Structures are given as C-alpha cells and as structure tokens.
Protein chains: 2
Amino acid sequence: MPSYKAPLRDQQFVLHEVLGAVDALREMPRYAELDVDTVNQVVEEAGKFCEDKLLPINASGDQEGCTYDPATKAVKTPAGFKEAYDDFREAGWQGLAAETEYGGQGLPHLLQIAFYEMQYSTNQAWAMYPGLTIGAYECLLKHGSREQKDLFLPKMTTGQWTGTMCLTEPHCGTDLGMLRTKAEPQADGSYRLTGEKIFISSGEHDMAENIIHLVLARLPDAPQGTKGISLFIVPKFVPVGAGADAKVGARNGLYCGGLEHKMGINGNSTCQIILDGATGWLVGEPNKGLNAMFVMMNGARLGVGVQGLGITEVAYQNAVAYAKERIQGRSLSGPAAPDQPADPIIVHPDVRRMLLTARAYAEGGRAFAYWVALMADTQLSHPDHDRKKFGADMMSLMTPIVKAFMTDNGFLCASECLQVFGGHGYIRQWGMEQFVRDARINMIYEGTNGIQALDLAGRKILMDNGAKLRAFGRMVTEFIEENGTRPDMNEFVTPLADIGDKVQKLTMELGMKAMANRDEVGAAAVPYLRTVGHLVYSYFWARMAKVALERVKADGDAVDPFYRHKLMVARFYFQRLLPETATSIRAARAGSATLMELPADAF
Amino acid sequence: MPSYKAPLRDQQFVLHEVLGAVDALREMPRYAELDVDTVNQVVEEAGKFCEDKLLPINASGDQEGCTYDPATKAVKTPAGFKEAYDDFREAGWQGLAAETEYGGQGLPHLLQIAFYEMQYSTNQAWAMYPGLTIGAYECLLKHGSREQKDLFLPKMTTGQWTGTMCLTEPHCGTDLGMLRTKAEPQADGSYRLTGEKIFISSGEHDMAENIIHLVLARLPDAPQGTKGISLFIVPKFVPVGAGADAKVGARNGLYCGGLEHKMGINGNSTCQIILDGATGWLVGEPNKGLNAMFVMMNGARLGVGVQGLGITEVAYQNAVAYAKERIQGRSLSGPAAPDQPADPIIVHPDVRRMLLTARAYAEGGRAFAYWVALMADTQLSHPDHDRKKFGADMMSLMTPIVKAFMTDNGFLCASECLQVFGGHGYIRQWGMEQFVRDARINMIYEGTNGIQALDLAGRKILMDNGAKLRAFGRMVTEFIEENGTRPDMNEFVTPLADIGDKVQKLTMELGMKAMANRDEVGAAAVPYLRTVGHLVYSYFWARMAKVALERVKADGDAVDPFYRHKLMVARFYFQRLLPETATSIRAARAGSATLMELPADAF
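Definitions and limits used
- Residues numbered from 1 in each chain as written.
- Chains lettered and ligands numbered in written order.
- Predicted model: local features only at pLDDT ≥ 70, side-chain atom pairs only at ≥ 80, totals over all residues.
- Helix = DSSP H or I, 4+ residues; strand = E, 2+ residues; numbered from the N terminus.
- Rg over C-alpha atoms; globule rule 2.2 N^0.38 Å.
- Buried ≥ 20, exposed ≤ 12 C-beta atoms within 10 Å, placed from the backbone.
- Contact = placed C-beta atoms within 7 Å.
- Nonpolar A, V, L, I, M, F, W, Y, C, P; charged D, E, K, R; others polar.
- Core = buried A, V, L, I, M, F, W, Y, C linked by C-beta atoms within 7 Å.
- Axes fitted to C-alpha atoms, helices over the stretch in contact; angles between N-to-C directions.
- Left-handed = near helix turned anticlockwise from the far one by under 90°.
- Domains from an automatic or database assignment.
- Least-squares fit on C-alpha atoms with pLDDT ≥ 70 in both.
- Parallel < 35°, antiparallel > 145°, perpendicular 65-115°, else oblique.
- Pairing = 2+ DSSP bridges.
- Expected span 1.5 Å × (residues − 1).
- pLDDT = per-residue confidence, 0-100.

Considering the overall build of chain A
Right, on to step 1. Within chain A one finds 18 helices and eleven strands.
Right, on to step 2. On C-alpha atoms alone, chain A measures out to a radius of gyration of 24 Å, which is about the 25 Å that the 2.2 N^0.38 rule sets for 603 residues.
Right, on to step 3. By principal-axis analysis of the C-alpha atoms, chain A measures approximately 80 × 60 × 60 Å.
Right, on to step 4. Buried positions account for 60% of the 603 residues belonging to chain A.
Right, on to step 5. Sequence-distant contacts in chain A: of pairs separated by 6 or more residues, those separated by 24 or more amount to 74%.

Shown next, in the form of structure tokens:
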C-alpha cells in the first residue's frame, strides 16, 4: 500500500519564504491577527489527519467502491469512509475557511488549498465529499438569500449536511444551454423540479444526515440556451426549523437512480439523480443560474487542479521509495553499490528523469496553486481596490491553467511514477495504478481540459485584449528587471524572459488570426495553454530559485541542503520540462487548416 | 460497448501500394506462389474472426477477469475465451505463419502481424494466449533439438498446446542476471527445476490441454550473472509419445501459485508460477539461455508494439463514431448543423486534433510495423545474402522503436480518444477506459520503454558506430534524392530531410559524449528514441504521401477520395506531430548533469 508524508517543509517554503503569505494576508483586516505559527500548526495537523485517516482507506475504498441498493435507492460508501468523515467533522475541519458568522474558523482559503493538496494525495475519492460541500457553501454564500444562508450554511459548515452540484444531463455536459430539467413555481414560493441529472459526484451517500443539491433547471417559458437556466437548492430532506437548530424533515422527491462504474475515484459515488417533482428553492435571480453556479464551478476548477498536484506528490513519494529500495542492474558509469548484487535503480538517469519530472511539477505546481489561492483571498478580502482587482484578474486568468495544466501534469506524472515500478506499477497492490486511474478524471470533469484551453485563449485573454495576461506579464517583467543582472540568476531569468517574449508574440499572432477565423483559436488553444502554463511555472521556479540562492549566499556552507536541492530541481525544470514549449509553440502556430480540411465523413 | 471494423482498405494500401509486399515476398522461394488475392483474403477472414469472435468478449473479459482456485491451482478464463480459442484453433489460425513441416500454413510473418493488429484492437488480453504460443514456437524452432521440435511444434502449431515465457522472478525483471531458479541435472538427461516466477502471462488457463513453459534457470555451478542462465522446456503435463501423436501424460511439478490483480488486460492470466522440482529439458547449450530466449523476446517486442497500434486503431474508430453522433455546442466559425440543437463535436478543431493524432499514429504505425514484419520475412527467407543482412539489421535496429515508440503512442492515443468522450470516456460501459488501462502495460512488459531506449541508443546504434542507422539513412536519402525536386512532395520531403539531418547530428554528438560518460546515454536515451521514431514515421508518411499524390495525379477528379484524405493526414502528421522533435532533441541534448546532481537521499 502506498505511503505518504505531508510535504510540510516544502509547503512552509512556499507559504513563508516564496509567497510571504502571512504578511500578505495580514494586510486584510480579516486576517490581521494571523501568524506563522498558526499557519504551520494548521497545515501540520491537517497533514496528520490525511496521513492517519485518509491514506489507510484509499486503496480499500477504490477496491470496494460504492454500492447502490435499488430497493431503498441508498448508497453505501466504502468501509471507513463514514468514520473518517465523522472524525473530520468532529474536529471542525469542514469549516476551516468558512465564515465565523456561520460557525466556521474564518481562516484563509490558502490554508484550505494546502489542506486540499494533502487530501487529494491521500484519498481523492473521499475528499470530493467535503470538497463539494465547500463549493455549494460558497455558491450559497454569494448568491443565496439571507434566509437560505441562515438555514443551510451553518449545517454545511459543520459538515452535518453535504453539498453537490447538479449540472450535467445525459444529453448535455459541456453545452449546458441544452439542459431540460424543469422547475415549476408553486403557490408557496417553492418550485417543483423534474428531470434527470448524471455524473453527480457525492450525489447520494451514507456519510451525512442531509445532502444539499444545487440544481440547474429551466423555468417555464425560460429563454432557450444558457440565458434560460436558473439555480435551485434541492435538499435530500426538506429542512425544518432554522439556522443551527434546523432538523431534517420529509424526504424530498429526488433520488439516486444508479451509480456509474468508472475507471477510478471508485470511493466517490457518481450518481444518476432523478428529480421526480422534487421541492426546490430558487437561488438568486431567475435565468441567472449559470452565472451563480460559476462561483461553484470556478472553485471546483481550482480544486481539481490541486487534485493533479496531490496525485503528483504522492506518486512521486512512492516512486522515490521504490527507486531507492529496488536493486536491479548497474549504474552505466560503474557500480554504485558494489557490495550489493545490483544498484538501486535510482542510479539510472532515466529513472531520475521520471522522478524529477514529478518533483518539478509538484513543487512548481505547489507554488503556483498556493499563489492562486492567495489571489483568491486577495480578491475576497483585500481592502485596497486595485489589489482586489488584481486578485480577481489573476483568479480569472489562472483558473483554466490551474485546472488544465496541473491535471495534464498530474496524469503524466502518475504514469511516469508508475513506470518507475516496472511491472509492479501495473499491479493493484502497489497502488500506483490507482493514482493513474484517479488522475485521469481530473482532465475531464469541471470542464474538459480542451474547454479550459478555449476559456483561457478566448475568454480570458483575447476577449479583453490580453489585459489580464499583461498584468501578470508586468509582474514577470519586474522580476526579470530586478534579477536579470545577477549572474547567479542568469540560468533562470534568461529562459523566463525568453518564454515571456514568445508568449507575447504568440498571443498577438493568435489574436490576429482569430479575427479572420475563430477556428484558429480552437486549433491553437490546447498547445497555447501548455505554453502559457510553462511561462507561469518558469516564473514561479525562478522566484523559488531566487529565494534558494539567497539562502545559499547568506548561509554558505552551513546552508540547509534543502536550498541547494531546490536549485537542482529548478535547473531540471528549465532544462528538461520548459523545452516542451519548443513543440507547443509550433503546434499553436500550425493553424487550423490541417485540422479542418479532412471532411467529417472521412474520419 | 465499443465497435470495430477491420481497417482493410488501409491495410491493403500499406501492403500493396506502399510496401509492394507481394512482389517483395515472391523474391523468396518460400513465397514464390503468393498472390495479392490470397493476402487480401487471409487478412479479410482474419479481420472477420476478430470482429465476430474477439470483440464481443473483450469488455466482458475485462470485467470478469480470470479466477484462481487455490484448491486445484486451476485458472478459469472469462466466459467465452475458451470458445473463441476453440474456433480459432479449429480454423487453423494458430499455424498461419508456422512451418508447413509442423502442420502450419507457412504464410509470411507479415500476415501474422496484420492479424495481430486486429486481434489487439479487439481483445488484447485474449490475443496474448495464442501470441505467446507463437513466441515459444519460434524459440524452439530456432534453438530446440530435432526431437524437441518434433514433439512440441506440431501441437503448438495447432494450438492444442500453448506456450509461455518464464523470465521474471520477484526480485528481478530487467536484471535477469540475478535470477535464482535452479535446474539440477537428472540421470535420464532431464532437469529438476525449483524456483518462483512472477508476471507469467497466460501462465495457467483452461483453454488448452497443455502449456509449454520456456523457463530461464541456473545450472549448478553456473557462472554468475547473465552468462549463467540456461533455457528449459517445462511442460505442464509431461508429453507421452512423439510428434502429432503425442499425448499429455503426468502432471508436472509446477503450478500457478496465484494471479496478479492488475490495472488492465484482466482477461489474461498473469501468474505466479511455482516450480517445485518440475521436470524440464534443456534447450540449446548450457548457459546460453538468455540468448535463445531473445528470439522469443524480440518477437514479443514486435508484438507488443503492434498492441500499441491495435489499441490506437480501435480507440480511434470509437472516438470518431462518438464525435460524429454527440451533439454539443456550436462550431466556433458558425453553426454547422443549424437544424439541430447543437453541432456534432467533430466540428471542433481540438476534437479533430485528438482524432487526427490517433489516426496519424495508427496509419504511420501500420506502415512502419508492416514494413518491419516484411524485414522479418526478408531476414528469415530471402535468398540474397545482402538483402537478408539488411532485413536482420533493420529488425535489430527497429525492434526497440516498434516496442517503445508505438506503445507510448498507443497509450497517448487511447487517452486522447477517451478525452473525446468527455465524462462518458471515464465510464466503464463505453469501453474507452479499458483501452487506456490495457494500453498501459505495453510500455512496461517485454522490457520497459526506458530499457528499449537504452537498447536503441547503446546497443543498436552507438555499439556498431551507427552502421545500422546509416543503412536506414541511405534508404531515406535515396527517397529524398528521388523526390526532393518534385514541388508537390516538398511539404513532405523538406521536413523529412530536416529531421534526418538532425538525427545524424544528434547521434554523433551523443556518441562523443558517451565516450566521456556513459550516463550521457541514459540521460538522452528516451528523448533520443522519440526523435528517431519520428524520423522513421516521417519517412513512412512521406512514402505514403508519394503514393497518394501519384494516384491523385493519375486519376484526377475521379480519384478515390481515400488518397486525398491520406494526404491530409500526412500533412497533419508533419505539422502537428513531428514538431515533438523540437522538444525531444533539446531534452536529448540537455545532458546528464541536471539528472545526476541531486544526491539520491535528497529525492
């Protein structure tokens, strides 16, 4: 069974030394009292929870899966899932970043993201239950009425009630404009919902006393397409009472019609949800439901990106342990362990290539994702308007990169780490193949990575004439100007400046081509996202290298080797991973003609 | 459930129009009577078998898997596997390319490879049972004694007895020098084998009356390492009688100790095999067993590469069908199906990118693999010494490329085709996720792709100072000289010449670096193999484009659209896939320092 240790040292490096997160957060009145010790303690305790409670039920949860009883429509989660959730709930973890007003601890979203990373390393399927609750909580926090918030948020903060997002239907996922579930207004102000949803993660289970479904549906006479979609709260049990005293009342007219059998995340119940005249309540304005749901979806996209990070980290840790233990063959440059019958396979350059790929993507992704989470806190809580707007712009720009770049990398890295195990990687008991299977969903759900790429290139960049990208670019330029003349930073700043220039040119070129033919955006989007993703990672790797270099300079021979190793991984990133852009730029520039000329019926 | 149609048109294009295979084979006395109709008929009938018998039991075989009875040590294959095997055997398919002397049909190996492709498209797990028999047959054909051949080959030709290769032990796979299974000589000339083997594909099953294990073991006092390994025949039942009249006798002292639970290929029994004083017979000379087993391993490596091709083809066919049927969203450049609520997703450039990636790798891989199979026939059967040697050199050079490049591509393409399905791709019932799981093993077994890359760069290229690569290069240069002045071939010949030059330079550079430090080979090997793989595919794509252009020129407007489409896919290959080499060359040149500087304990 795989092992896992929370990467506390690296998390602290990112939080404190790279991002200066506590100082940044203390600028926000809400976090004025935050201190480094609290942050470290929370992360450490959260890590312990993941190591002790989630990891042990990850492989067993995958193998047992969820079970559905057609007679009662009930779903049983795998052994240990409910107990771990009880522990989680009782320790107050669900409310970590929730408002104190609703019983939460009011800590920064940044800490939630750090916690997510460790949850996803140890049990992605389990973590999706509380994760979706947070998404539903945030959507209601932003768009719910006072009464709705008072009724639902306290129970969701404690985790007594969990949440879901009900978007997809059998005939539509990406294209929600086609959805058919209908909501008919009732005399008492409620609505009666009828329809069928599929792929509803955590849609039915035995872990909590109630499940709060956020459901997209159409009002009678709603306009066609996405402008006719409204959002509804549809609880499994209709609540009685209010606030913290609310109890569950009558069973509502929605139920799980069956579970999907999937490639992975088997411990999470992926439900068909039948709405059979279920009672629901409108959230926000009629026909503005998709907009409201995007709060949840954007949060979920960040979470999914962090799933890519979590899986990369745990796959890396296990592949390293195996590569150090497994002896097989000899180093090409002479025996490394002549007293043994063979050398540990970590002597082999290509084994190191696979390990370092995962490590560089994990550490780069951690710095990036935690920074984006800090931007989320900045957007939500910073008192200064410009800083707040910058946070919002970065969140908007980076969401598709977090989601797509990090999950592509997560799948790649899980697969590379499996490869380190040779044949054993393919065998269930080692657990590596589960990481690959679990990681594969991340490239699909919450909008496929292809959709993310269109979102980035089209909506986030071309539609505002590159303003958000330029705002990020100014930060990069500033860094280059500050550090470009330091010879010791040269190996990091030069490739950063180079990829920055290239992204700028590529973006202008794409903008020009897009004016003539919109298919040019679709043809370029995926390699374009890979290219911008590398610009972002180059920037964070250069920042991390700078911190490390300064510590090496300050501490000399006495320096914590952590910093020397950080520089080595940075070098690996720039020399072996960034060069992907040599291909991705060519692909992004190749144009749409070769994609579009083959007639559809000739495929 | 996935569908499949044998790609007969493209197979015929490759066999007859690109490779001129029948003419090439007729130069060999053994195939002097071969004709185009026979070839087409065999491929067509073989395709029908795969469509009708293998495809229907692929998904069910995956879900049911093999079951092991600890009491009897018996393995039950999934429902339908035995029946399909009976049909296969009774129709004589097992002996397709086997010697007529032993009851085979004596057809070219090229046809066997074409059949393999279709078997692997429709049921990789099943196809591994007869596939391993062929490997064991070929090993005995080359290295067995007259008596051994007479006893075993007729039964293996009919498929009454199946074969395995028993190499891996719990502590060694890649490094067979460490293997411990021992073989003690007995007074009657037989040997008594004791030890434990793992990962034995098709190691125990209920499909045939006997299983012929080819087992690597050590004689007493054998030298350490790979020079002390001998090869033995260890049948499940000791045969009685001789030749076609042989019967199974006493149960031998080897048995299946358990099955592995795997990521995929669940219909194939991956066995732990316990040798408990089993009776065996030496094959070939003592201590030369690894050499003899390499006959089987090289054959298996070609087969595994074709598994990558087969999965790519079937994943492509299913993704195309889905992309044409699934309506979702609108074309970026305006509605393509305004009468429908949405357009089929095949209108989207990025969906086409995924589909064309699979198609270009499938069609390129087919031309390449079939050509390598023709080289196998040339090596075995050509009367001309130089031609024979050229065949042998190409087989040797190309084996690691077939194995690694085609299986990397197979996994990538299965994953891209899954992605076309969105969320449905992740659901078991659509069958796409099985292709991804099955495809993942191909990068591992028969020598990991990292090992293949070392074999290519080290043994096959640097060790003979690039002679075999130059022999292939001469063929490429000849093609460039013949076609370089044709303006219509420019778009194909120019990038081919470019990648040819780059491979040449990269190879020289690597050779120089390797003299100073062997780790440079290990650091460069994997991206080097990707680079050479693209040189090879560029060559075959240019050849295919030439054939297509000539037909377009000859037939004008009346030309079969097949040829115009072939040119479009060729263009896609050169513009969107070949550019991977911009990255792989940089990675191959990056050197070993960034891989080796991090101390092992700092991972």
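Considerations on the interface of chain A and chain B
Right, on to step 1. On the chain B side, the residues contacting the 75 residues of chain A number 75 residues.
Right, on to step 2. Every element with two or more residues in the side of chain A that touches chain B is listed here: helix H8 (289-325), helix H9 (349-381), helix H11 (432-442), helix H15 (519-555), helix H16 (561-577), helix H17 (580-589) and helix H18 (593-596) of chain A.
Right, on to step 3. Here the side of chain A that touches chain B is composed, by residue class, of 36 nonpolar, 22 polar and 17 charged.

A short note on the environment of Val43(A)
All names here are of chain A.
Right, on to step 1. Inspection of the secondary structure puts Val43 in helix H3 (residues 36-54).
Right, on to step 2. Separated by 537 residues in sequence, Val43 and Glu580 place their C-alpha atoms 33 Å apart.
Right, on to step 3. If we skip the residues at most four places from it in the chain, Val43 touches Leu8, Gln11, Leu111 and Ala114.

Points about the nonpolar core
Right, on to step 1. Of all hydrophobic cores here, the largest spans 417 residues; its most connected members are Phe232(A), Tyr370(A), Val372(A), Phe232(B), Tyr370(B) and Val372(B).
Right, on to step 2. Contact partners of Phe232(B), with chain neighbours within four places excluded, come to Ala183(B), Tyr191(B), Leu193(B), Val215(B), Ala217(B), Gly280(B), Trp281(B), Leu282(B) and Val283(B).

Digging into helix H1 (residues 8-18) of chain B
Residues and elements named next belong to chain B.
Right, on to step 1. All of the buried residues along H1 are Gln11, Phe13, Val14, Leu15 and Val18.
Right, on to step 2. Against the buried residues of H1 lie helix H2 (21-26), helix H3 (36-54), helix H6 (109-143), helix H9 (349-381) and helix H15 (519-555).
Right, on to step 3. Where H1 terminates, the next one or two residues include Gly20, which has phi positive at roughly 50°.

As for the packing of H6(B) against H9(B)
Residue and element names in this part refer to chain B.
Right, on to step 1. Packing of H6 against H9 leaves a shortest axis separation of 8 Å and a crossing angle of 145°. Of the two possible hands of crossing, H6 and H9 adopt the one that is right-handed. On H9, the residues touching His109, Leu110, Ile113, Ala114 and Glu117 of H6 are Arg366, Ala369, Tyr370, Ala373, Leu374, Ala376 and Asp377.
Right, on to step 2. Residues of the contact of H6 with H9, tallied by class, amount to eight nonpolar, one polar and three charged.

Concerning the domain arrangement of chain A
Residue and element names in this part refer to chain A.
Right, on to step 1. Entries for chain A in the domain assignment read domain 1 (8-65 + 76-141), domain 2 (162-287) and domain 3 (449-596).
Right, on to step 2. The distance between the C-alpha centroids of domain 1 and domain 2 comes to 26 Å.
Right, on to step 3. Opposite the 21 residues of domain 1 that make contact, domain 2 presents 17 residues.
Right, on to step 4. When contributions to the side of domain 1 that touches domain 2 are tallied by element, the ones reaching two or more residues are helix H4 (58-64), helix H5 (81-90) and helix H6 (109-143).

With respect to the relation of the copies chain A and chain B
Right, on to step 1. Superposition record for chain A on chain B: RMSD 0.0 Å, screw rotation 180°, translation along axis 0.0 Å. Taken together, the rotation and translation relating the two chain copies correspond to the operation of a two-fold axis.
Right, on to step 2. Counting the interface residues of chain A, we find that 100% of their copies in chain B are interface residues as well, pointing to one common contact surface.

Details of the packing of helix H14 (residues 490-516) of chain A against H17(A)
Residue and element names in this part refer to chain A.
Right, on to step 1. Running from N to C, H14 and H17 point in directions that differ by 10°, and their axes come no closer than 11 Å. Taken together, the axes of H14 and H17 are roughly parallel relative to one another. Across the interface between the two elements, Ile499, Lys502, Leu506 and Glu509 from H14 touch Thr581, Ile585, Ala588 and Arg589 from H17.

Here we look at the pairing of strand S9 (residues 247-251) of chain A
For a regular strand, side-chain orientation follows a simple rule: the groups alternate between the two sheet faces.
Residue and element names in this part refer to chain A.
Right, on to step 1. When you tally the buried positions in S9, you get zero out of five residues, a small fraction of the element.
Right, on to step 2. Sheet topology places strand S8 (residues 237-240) next to S9; three bridges connect them, and they run antiparallel. Directly across from Val240, in S9, lies its bridge partner Lys247.
Right, on to step 3. Counting the residues between successive antiparallel strands, the hairpin from S8 to S9 contains six residues, one of them, Gly241, with a positive phi of roughly 90°.

A word on helix H16 (residues 561-577) of chain B
Right, on to step 1. The end-to-end C-alpha separation of H16(B) is 23 Å, in line with the 24 Å expected for 17 residues at 1.5 Å each.
Right, on to step 2. Residues Tyr563(B), Lys566(B), Leu567(B), Met568(B), Val569(B), Ala570(B), Arg571(B), Phe572(B), Tyr573(B), Phe574(B), Arg576(B) and Leu577(B) constitute the buried set of H16(B).
Right, on to step 3. Here the buried face of H16(B) lies against H17 and H18 of chain A together with H9, helix H14 (490-516), H15 and helix H17 (580-589) of chain B.

Let's talk about unusual backbone geometry
Residue and element names in this part refer to chain A.
Right, on to step 1. Phi at Phe199 is positive, roughly 60°, even though this residue is not glycine.
Right, on to step 2. For Phe199, the position within the fold is in strand S5 (residues 191-201).
Right, on to step 3. One non-glycine residue, Asn465, lies in the positive phi region at around 55°.
Right, on to step 4. Mapped onto the secondary structure, Asn465 falls in the loop between helix H12 (449-461) and helix H13 (467-483).

Considering the pairing of strand S6 (residues 210-217) of chain A
Residue and element names in this part refer to chain A.
Right, on to step 1. The buried count for S6 comes to eight of eight residues, which makes it a mostly enclosed element.
Right, on to step 2. Burial along S6 is two-sided: Asn210, Ile212, Leu214 and Leu216 and Ile211, His213, Val215 and Ala217, pointing in opposite directions, are all buried.
Right, on to step 3. Note that strand S3 (residues 161-166) and S6 share six bridges and pair parallel. The partner of Cys166 across the bridge, within S6, is Val215.
Right, on to step 4. Where S6 meets strand S7 (residues 230-235), six bridges bridge the pair, whose relative direction is antiparallel. Residue Leu214 lies in a different strand from S7, and its bridge partner there is Ile233.

Some remarks on the environment of Ala467(B)
Right, on to step 1. Tracing the backbone shows Ala467(B) in helix H13 (residues 467-483).
Right, on to step 2. For the pair Ala467(B) and Asp393(B), spaced 74 residues apart in sequence, the C-alpha separation works out to 9.0 Å.

So, the confidence of the model for chain A
Right, on to step 1. Of the residues in chain A, 100% have a pLDDT of 70 or more, and the chain-wide mean is 97.
Right, on to step 2. The ipTM, which scores confidence in the relative placement of chains, is 0.98 for this predicted complex, and the corresponding pTM is 0.98.

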